[in-house]
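Coordinates in review
Single-letter residue listing:
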Amino acid sequence: MRIQRTGEGPPLVLLHGWAMHSGVFAPLVDALRGQFSLHLVDLPGHGVNHDSALPLELDAVADAVAAQVPRAVWLGWSLGGLVALHAAQTRPTSVRGLAMVCASPCFVRAPHWPDGMDPQVFLGFAADLARDYRATIDRFLMLEVQGSDHLREELRLLRAQVFSVCEPSRERLAEGLARLQDSDLREGLPRLAMPSLWIAGRRDRLVSPTAMQNCARLAPRSDYLQVEHGGHAPFLSHADEVAGALRAFIAGLSS
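Scope of this entry: the structure provided in the associated data block. Since the model is a prediction, treat every value here as computed from it, not as a measurement.

The tally for this structure, following the rule as stated, stands at zero disulfides. Cysteine C102 is unpaired, with the sulfur of C215 as its nearest cysteine sulfur at 12 Å. Its relative accessible area of 0% is what places C102 among the buried residues. For the unlinked cysteine C106, the closest cysteine sulfur is that of C215, found at 9.0 Å. The buried category is assigned to C106, whose relative accessible area is 5%.

This is the structure:
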C-alpha cells in the first residue's frame with residue numbers, strides 16, 4: 001500500500017469511506033496541512049492503491065498502515081473508522097489518539113444496538129453492485145449527503161472525487177460492504193487505551209448521531225462533537241469546524 005504525505009507537524013492519519021479515496025479529504029487537508037503531517041491512506045482497491053493485492057480486511061489494512069506511519073492520531077471516516085478503531089483496539093502503541101468521523105463500531109442494527117442501519121440496506125447494495133456498478137455507487141453517495149444543508153454541493157464534490165483517480169475495484173467494494181455489514185467492535189470500546197474524539201453530523205442518514213454519542217459514553221477519555229447542520233461528510237460542508245475540533249483534541253493529547 002502506498003501512503004501519500006503532506007504538511008508538517010504531529011502525524012495524523014486519514015482513512016476514507018466506502019468507494020472513495022483520500023482526495024475526498026481535500027477541504028480538511030487544506031485546513032490542517034500547516035499544523036500537521038498528514039498521512040493520506042487510500043484503502044486497497046481505491047485511489048492510488050487500486051491495484052493493491054491487499055484484501056480489504058481490518059487486520060490487514062491496519063497492519064499495512066501501522067508499518068508505514070509513525071505513532072499518530074488516526075482519523076477514520078465511515079468505513080475508514082472501522083479500520084482506525086480496529087487499529088486502536090489491537091495496536092494501541094501505534095495509535096496516539098482516535099478520531100471517529102461519522103463512523104460506528106457496528107454499522108448495522110443488532111440486538112441492543114437499535115440505532116444501526118437496516119441490514120437489508122446492505123444486502124440490497126451488495127446485490128445491486130453486481131448488476132449496476134456505477135448506479136450503486138451513486139445511490140450510496142446520495143445517502144451520504146441526505147440531510148446536509150449543502151446537499152447539492154456535497155454530492156457534486158463526491159461525484160467528482162469518486163472516479164477522479166481511477167475506478168475503485170469491484171472486488172474491494174464488495175469486501176468493503178461486507179466489512180460494514182459484518183463488523184462489530186463495540187466490545188472493545190470501554191478498554192480503549194487512548195483518548196478518542198467522536199464527530200457526528202446531526203443530519204447523518206447513514207450513521208446515527210445517537211449511536212456515536214453512545215459510543216463516546218462507553219469509551220474512556222472521550223469527547224463528542226455534533227455538527228448541527230452536517231450530514232455524513234461534515235468535513236466537506238463544515239471543514240473549519242471539524243478542523244478546529246481536531247486541533248483542540250490533538251493539542252489536548254500533549255497537555
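Here the focus is unusual backbone geometry. For C102, which is not a glycine, the phi torsion comes out positive at approximately 45°. Counting through the fold element by element, C102 comes out in the loop between β5 (95–101) and α4 (119–131). We note that R221 has phi near 50°; this positive angle belongs to a residue other than glycine. Topologically, R221 is positioned in the loop between α8 (209–218) and β7 (222–227). On the accessibility criterion, R221 (53% relative accessible area) is exposed.

Let us look at the pattern of salt bridges. Per the stated rule, a full pass over the model turns up ten salt bridges. The partner of E153 in a salt bridge is R156, and the shortest N-O contact between them spans 2.6 Å. Residue E153 and its partner R156 are both found in helix α6 (residues 151–162); the two are separated by three residues, about one turn of the helix. Residue R156 is classed as partly exposed on the basis of its relative accessible area, which comes to 47%.

This part covers the pairing of strand β3 (residues 37–41). With five of five residues buried, β3 is to be regarded as a mostly interior element. Going residue by residue along β3, you find S37, H39 and V41 tucked away on one face and L38 and L40 tucked away on the opposite face as well. Bridge count for strand β1 (residues 3–6) against β3 is four bridges, and the pairing is antiparallel. Bridged to T6 within β3 is L38. Sheet topology note: the strand β2 (residues 11–15)/β3 ladder contains five bridges and is parallel. Residue pairing in the sheet places L15 in a bridge with V41 of β3.

With that out of the way, let us pick up the packing of aromatic side chains. Centre-to-centre distance and the angle between the planes together describe a pair of aromatic rings. Taken as a whole and judged by the stated rule, the model has three aromatic pairs. With a centroid separation of 5.1 Å and 45° between ring planes, the pair formed by F25 and F235 is classed as tilted. With F25 in the loop between β2 and α1 (26–32) and F235 in helix α9 (residues 234–237), this residue pair connects regions lying 210 residues apart in the sequence. Each residue in the set F25, W77 and F235 is aromatic and connected to the rest through ring pairs, giving one cluster.

What follows concerns the side chain of S104. Relative to the elements of secondary structure, S104 occurs in the loop between β5 and α4. A polar atom in the side chain of S104 sits 2.8 Å from the backbone oxygen of C106. In this structure, S104 is in contact with L82, W113 and V207, ignoring residues within four places of it in sequence.

To continue, consider the sheet that holds β7. Reading across from one edge, β1-β3-β2-β4-β5-β6-β7 is the order of the seven strands in this open sheet, with mixed pairing throughout. Pairing within the sheet leaves two strands with one partner each, and these edge strands are β1 and β7. When the angles between neighbouring strand axes are averaged without regard to direction, this sheet yields 20°. Bridge count between strand β4 (residues 72–77) and β5: six bridges; the pairing is parallel. Residue pairing across strands places W77 opposite V101, the latter belonging to β5. On the sheet, helix α3 (residues 79–90) packs against β2, β4 and β5 and is oriented at approximately 145° with respect to β4.

The rules behind each value
- Residues numbered from 1 in each chain as written.
- Predicted model: local features only at pLDDT ≥ 70, side-chain atom pairs only at ≥ 80, totals over all residues.
- Heavy atoms only, no water.
- Disulfide = S-S within 2.5 Å.
- Buried < 20%, exposed > 50% of the residue type's maximum accessible area, 1.4 Å probe, protein only.
- Helix = DSSP H or I, 4+ residues; strand = E, 2+ residues; numbered from the N terminus.
- Salt bridge = Lys/Arg side-chain N within 4 Å of Asp/Glu carboxyl O.
- Pairing = 2+ DSSP bridges.
- Phe/Tyr/Trp six-rings, centres within 6.5 Å; stacked < 30°, edge-to-face > 60°.
- Polar contact = N/O pair within 3.5 Å; in protein donor to acceptor, adjacent residues only side chain to side chain.
- Contact = heavy atoms within 4.5 Å.
- Axes fitted to C-alpha atoms, helices over the stretch in contact; angles between N-to-C directions.

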